[in-house]
Structure formats: structure tokens, C-alpha cells
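Single-letter residue listing:
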Amino acid sequence: MGRPWSQGEQGACSWLRAPLCASLPTMAPGRPCAAGLARFCQKLKRRKLLADSSMATSLQRCLSALDLTLLGVGSMVGSGLYVLTGVVAKEVTGPAVTVSFVVAAVASLMAALCYAEFGARVPRTGSAYLFTYVSMGELWAFLIGWNLVLEYVIASAAVARAWSGYLDAMFDHRIQNFTEAHLGVWQVPFLARSPDWLAAGIILLASAFVSCGARVSSWLNHTLSAVSMIVILFIVVLGFILARPSNWGEAEGGFAPFGFSGVMSGTATCFYAFVGFDVIAASSEEARDPKRAVPLAIALSLGLAATAYILVSAVLTLMIPWHSLNPNSALADAFYQRGYSWAGYLVATGSICAMTTVQLSGLFCLPRIIYAMAADGLFFEMFAYVHPRTQVPLLGILAFGALTAVVTLLLDLDALVQFLSIGTLLAYTFVAISVLVLRFQTASQSRSPSLAGSGPKAKEYSSFSDHLELVGAGHGPEPGRLRPALRPYLGFLDRGSPGAAVRGAVCGLVVSAIALGCVLMLGHSVLRLPLWGFLLLLLCSSVTFLLSLLVLGAHQQQRLKDTFQMPLVPLIPALSIVLNFCLMLKLSYLTWVRFTIWLLIGLLVYFGYGIWHSKENWREPPGLVTARYVAFSDGRVEETVRDPGQAPAQGPGSP
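The structure presented is a predicted model; accordingly, all values stated were derived computationally and were not measured.

Undergrad: Looking at this structure, I do not really get the overall build of the protein chain. What am I missing?
TA: A tally of regular secondary structure across the protein chain gives 24 helices and three strands. Residues counted as buried form 55% of the 655 residues belonging to the protein chain. Carbon and sulfur atoms make up 67% of the accessible area of the protein chain, which amounts to about 28200 Å² in all.

Structure below.
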């Protein structure tokens, strides 16, 4: 017999016990309650419930589709345009950087459609964190939220590094030379060549502006965005005038000197250019008509940004040979080399305006994510504090502004960009999976067997993703059920528990997508598979992927009226998942090591704090009643309550 439990262990066990545990026979002393362990596992996958209307908010819904579009363009067009084009063109792809931007834009479009659907259906702040919380569960949501924190920190740091580089170029690199002469040069592979004190100071200054309130940040954003758009138009026009098609010829190494592998590696890094469209989803709570404005703004902003990136990258590699580019200030230096120094100064000025806009947007959204997690209890409560006068999460701005300044001071631009890309790709992947889960989730997974009383047949819903169906579904087909026309042929898929075939297909799709990406990206270079082994693994993973896709396609989807839903589901989310995994595998191993360390730190935070302080702990405390939404076939929606320990009501004729 084991030792007696201490008082702390008994308290922990009593907290873990589910209401079901009270109805079980008393277990022997010293043995933990099995229901407590089950309750603990349930906590990891519990979903966020939003009892209020999805349009109800304490924020002001004042943003139009045009406002959101400009916000997205301003967030995407910054250091990616002025710096990333030069870095990728010189070191990864050559002139084929234009192809990398095209592929990255297409992959981003598939992810953007997923964001557009969620932004229209769940118009709340939190972006991918909230989308994952209401569809996949708390643990995954926390990891995505933690990942978003990393994304915004790295984005702001990368922009600050690029900002510093362009300002240094305007003064003939005197700032960098002064720093290296007086502070020395670092020879550490994980760190930058030298500390960038100017970039760190820029982060602190931008954080001070953001802490002054939304009006100050908005006014500054609009002013700088206007200057940036004028400069981009100037670059494209003058650049094509100065273009030399011979710079793409064989004499300079050809159009794609690094081959297909270089193009794909460049695509993985170029994802950094399009990370800004999730700002639109994060701002959907302030949109006047999110069902229309969010999808339209995401599509327009992504299209405009992609056009700008493709044209500017083409102009850059046509003006001067790709191997002559200065990766720190490519566009400005290109005009210097062609003898247009005055144009170089103009470009440097525009780049500083654009990068300041992106930096302000990133530092503006970062505390919103922190605030959303803290408000849900998954992060430290002090970060949910909102300053009464400026109405901004002040502690989040100050703390993470300081963290961003430290990251900016130590890491170089290339490491920051790759680190950002892996975080963005992972967020895209989870949002795509969330779309599949939400579209094919069966209502019967969360409803009681039947409800007492006569009258119309009723269904009971307990998750917010099911409640979304009540808001606009009408009398469409029941999601997650086999299509009627296919039941005579595929009826065996419905023999298990409701939704079992869909859950298996989603899991099979994700696993086969990972296997397919590993075979395609690592089969020859890393795994060094023989030809027969490569073809066998490729065939197995492809067949599993296609079968999972066909099983999902054979089931009915959730259909909403007057709300944007992305087309070609499950095909587009599935392709997005595969492409995201392939691009993640093209990033360096050091990026994966850093990312893994960040996730491990996040797990420590979640299991040490988040799981114990989650607001979802208060939803169904032992002894209290639980709210449920009940939808009747005649269109009525009612809210009922039930004691957690009470068995569901039985209808007439039930045993």
C-alpha cells in the first residue's frame, strides 16, 4: 500500500476530479481517482464557449472594408519589400525571386481564405489563437497563441533591423562602422555580427507611441502609409525605365542560378512578406460588417501586396545583376549603382516610412494577443490590465516591447526572417485544420440523446463551434454525416460513432501531409532514400492523403447563409497543409531548434499557469448548472441549464 497523500496532493486531486467522479464508488485511500485523470485530459481539449452574440463587443465597430484593406497592405508592405527581396535574390534564388513570391502568394492565399472564413464567422480579437480555441481545444490554442507572440516579436525585431540598415545606408554605413570599431565584432553563429543599438532604440520609441493610445498610432500609420505607396509607385516606374534584360541572361548566371531547390527555399523565406493579412482577422472585432468586410479586405490586401512584391523584385534584378545586390538596403543601393543617388535617398525615405508602419502595426497587435490570452486566463493576469486613460494593455506593451528590443539587439536579420516564417507557417496550418474540423463537425458529438417533452425534435449544442451553426445554418444538411447519394455505397463509414470517420480522415490527412512533405523535401537530400524507397513512400503517403480527402468529400459540410465560406473545401485547406509543411521543412535546422525551445518554454507556462487559471475552469464548476443551446427544427433557439451530475432527460419511450 502506498504512502498517505500529503495535503497538497489531496488538494490537487480534488481539483482534478470531474463531476462524474462524485457519482463513482469511493476508491481506496492512496489511489488517485481515474475520473480525475480523465478530467485533466478533457481540460487539454476543452473549447472556448462564447455565450454572447458574436457581434456584441465592448470595442467600437468603426472600420470599413477600405480601412481594413489599407491596414493589411500597410502591415505586409514594409521590410519584406525593401530588404527581403535583396536578401533572397542574392543568397537564395537569384532573379527567380519573382517566382518565389508568386508561389508564396498562392500559398498565402489558401491560408488567407481560411482566415477570411474564420474572421467572418468569429469576429473577435485573437486571430488564429481564438480560431483554434473555439474549434480544436485549449492546449492547441495556447500553443498557437504562444506562436503568435513569437511571430509579432520577431516581425517587429526584423523590421527594426531593416529600418536601422536603411538609415545606416543613408549615412554611408557610418553608424555600423562606428559600432564595430568601438564595440567589436561578435563571432557567435547564433547572434548578429554586432549589436544593433539603433534598432533596439527604434523598438522602444515605437512602443512609446503605441502606449499613447490607438488614435496616435492610427494617425501616424495613415500618414506614413501614404508616403510609402507613392514611393513604391515611383520605384516600379523608374525601375522599368532603367531595366536591363541582360541581367537575367546566362552571362549573369541565368534566371534561376540556384535551381528549383533555391526557388522553394526562397518561397519559405518569402512567406515573411505576407504575414500581415492576419492583422485584418485580429481587427475583425472592430469592423462594421465583418461578414463582408473581412473576406474582401483580406483578398484585396493580399492581391495588392503580391503585385507590389512581384513587380519590385523584377525591377530590382533587372536594374543590376543579382550578385551585385546589397542585402541590407537592396533597392536604395541599386539606384546608387545606376547613378541615381537622389532616387536612392527617396527610396530610403519611403522604406523607413513603410517599415515604421509595419512596426507600429506589429507592436499594436502583439499586446492584443497577449491581452486575449490573459483575459482567458491562459497567460498571466497582469497582462489583461488596460490603462484607464489610453485604453491600451499597457503592461503588455512595455514588457514585450522590452523583449523585442533585446531580440533586435542580438539576432541578425536572416535568422529573424527564418524564425518568423516557421511560426507563420505553423499558424496557417492550424487554421486550415480548424476549418476542416469546424466544417465537418457533427452536431451529434455534443448533443444529448434526446430531450424530454413533445413537440418538434430538438438538438442540444454545447460548443461555440456548434453554436455558430445555430446562428446562420437554417435547415441545411447536417454536417459530418455521409451524403445521402453515397450511403448505399459507403454506408460502412457510418457504422461507428457519429463523426468517427471524419475524425479519422482529418487525422489521416494531417499525418499523410507530414509524410508527403518529408518525402518530397528530405527524401533525396537528407534521408538519401534509394529510388525504390522514395517511390514507395511517395506512393503510400499520396494514396493515404487522397483517400482521406475523398472520405472528407463524401461527407456533408456545415453551410451558413450570409457568411463568407471558402470554396473547394476540403481541397484548399488540405493543399495548404501540405504546402505549409513542405515550406517548413526547407528552413534551416537551427530555426527548428530555436522554435522547439520556444515551444517547450510555452508548455512550461501552460502547465505551470495556464491550465490552472483558465476561465474555462469556471464554466462547469462542480455543483453548478451548465448552460446549453437547444435548436428546434422550427428555427427556435433556446438556452437550457442542466446540473453536471444530472443524467440527460429521456424522451418518451426511452428505456
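Alright, that's what it looks like, and here's the rest.
Undergrad: Explain helix α22 (residues 531-553) to me, please; I cannot follow it from the model alone.
TA: An α-helical turn contains 3.6 residues, so a residue and the one three or four places further along point in the same direction. Taking 1.5 Å per residue as the helical rise, α22 with its 23 residues ought to reach 33 Å, and the 32 Å between its terminal C-alpha atoms agrees with that figure. For α22, the complete set of buried residues consists of Gly533, Phe534, Ser541, Phe545, Ser548, Leu549 and Leu552.

Undergrad: Just checking my understanding: could you explain the side chain of Thr357 for this structure?
TA: Along the chain, Thr357 turns up in helix α16 (residues 341-375). The exposure class of Thr357 is buried, given its relative accessible area of 3%. There is a polar contact of 3.0 Å between the side chain of Thr357 and the backbone oxygen of Cys353. Setting aside chain neighbours within four positions, we find Thr357 in contact with Gly74, Asn221, Leu224 and Ser225.

Undergrad: What is the right way to read the pattern of salt bridges from this model?
TA: Under the defined criterion, the tally for this structure stands at four salt bridges. The salt bridge involving Glu138 is made with Arg46; its shortest N-O contact spans 2.9 Å. Of this pair, Glu138 sits in helix α8 (residues 138-170) while Arg46 is found in the loop between α3 (34-45) and α4 (65-76), placing the two residues 92 residues apart along the sequence. No difference in accessibility class separates Glu138 from Arg46, as the two residues are buried. Among the salt bridges present, the one from Asp376 reaches Lys48, with a minimum N-O distance of 2.6 Å. In this pair, Asp376 sits in the loop between α16 and α17 (394-410) while Lys48 sits in the loop between α3 and α4, placing the two residues 328 residues apart along the sequence. What makes Asp376 buried here is its relative accessible area of 9%.

Undergrad: What should I look at first to understand the packing of helix α10 (residues 197-210) against α17 in this one?
TA: Each pair of packed helices can be summarised by the angle the axes make with each other and by the distance between the axes. Packing of α10 against α17 brings their axes to within 8 Å, and their N-to-C directions diverge by 165°. Put simply, α10 runs roughly antiparallel to α17. The element α10 and its partner α17 pack so that their crossing is right-handed. Across the interface between the two elements, Trp197, Ala199, Ala200, Ile203, Leu204, Ser207 and Val210 from α10 touch Ile397, Gly401, Ala402, Thr404, Ala405, Thr408 and Leu409 from α17. Split by residue class, the contact of α10 with α17 holds 10 nonpolar, four polar and no charged.

Undergrad: Could you clarify how one ought to interpret helix α23 (residues 571-585) in this entry?
TA: When the terminal C-alpha atoms of α23 are compared, their 22 Å separation across 15 residues agrees well with the 21 Å that a helix rising 1.5 Å per residue should span. The buried count for α23 comes to 12 of 15 residues, which makes it a mostly enclosed element. Those residues of α23 that fall on the buried side of the exposure criterion are Ile572, Pro573, Ala574, Ser576, Ile577, Val578, Leu579, Asn580, Phe581, Cys582, Leu583 and Met584.

Undergrad: Looking at this structure, how should I read the packing of aromatic side chains?
TA: What describes a pair of aromatic rings is the distance from one ring centre to the other and the angle between the planes of the rings. In total, this model carries 24 aromatic pairs according to the counting rule given. Between Phe142 and Trp146 the ring centres are 6.0 Å apart and the planes differ by 15°, which places this aromatic pair in the stacked class. With a gap of four residues between them, Phe142 and Trp146 both fall in helix α8, about one helical turn apart. In this pair, the class of Phe142 matches that of Trp146, namely buried. An aromatic cluster of three or more residues is present, and its members are Phe142, Trp146, Phe379, Phe380, Phe383, Phe400, Trp598, Tyr606, Phe607 and Tyr609.

Undergrad: Would you explain the environment of Leu490 in this entry?
TA: Here Leu490 is to be found in helix α20 (residues 487-490). Take Leu490: its relative accessible area is 26%, and that puts it in the partly exposed class. Not counting residues up to four positions away in its chain, the partners in contact with Leu490 are Leu482 and Ala554.

Undergrad: Looking at this model, I keep getting lost on the nonpolar core. Mind explaining?
TA: Generally speaking, nonpolar side chains in soluble globular proteins are found buried as a group. Of all hydrophobic cores here, the largest spans 151 residues; its most connected members are Tyr82, Tyr115, Val149, Tyr166, Phe274, Phe277 and Phe379. Looking at this core element by element, the count peaks at 18 residues for α8. With near-sequence residues (within four places) excluded, Phe379 lies in contact with Trp146, Ile370, Met373, Ala374, Phe400, Val605 and Tyr609. Counting nine residues, the second-largest nonpolar core is a separate cluster that includes Leu220, Leu224, Val392 and Ile397.

Rules used in this analysis
Residues numbered from 1 in each chain as written. Predicted model: local features only at pLDDT ≥ 70, side-chain atom pairs only at ≥ 80, totals over all residues. Heavy atoms only, no water. Helix = DSSP H or I, 4+ residues; strand = E, 2+ residues; numbered from the N terminus. Buried < 20%, exposed > 50% of the residue type's maximum accessible area, 1.4 Å probe, protein only. Areas by Shrake-Rupley, 256 points an atom, 1.4 Å probe, with all protein chains shown as cover. Expected span 1.5 Å × (residues − 1). Polar contact = N/O pair within 3.5 Å; in protein donor to acceptor, adjacent residues only side chain to side chain. Contact = heavy atoms within 4.5 Å. Salt bridge = Lys/Arg side-chain N within 4 Å of Asp/Glu carboxyl O. Axes fitted to C-alpha atoms, helices over the stretch in contact; angles between N-to-C directions. Parallel < 35°, antiparallel > 145°, perpendicular 65-115°, else oblique. Left-handed = near helix turned anticlockwise from the far one by under 90°. Nonpolar A, V, L, I, M, F, W, Y, C, P; charged D, E, K, R; others polar. Phe/Tyr/Trp six-rings, centres within 6.5 Å; stacked < 30°, edge-to-face > 60°. Core = buried A, V, L, I, M, F, W, Y, C linked by side-chain atoms within 4.5 Å.

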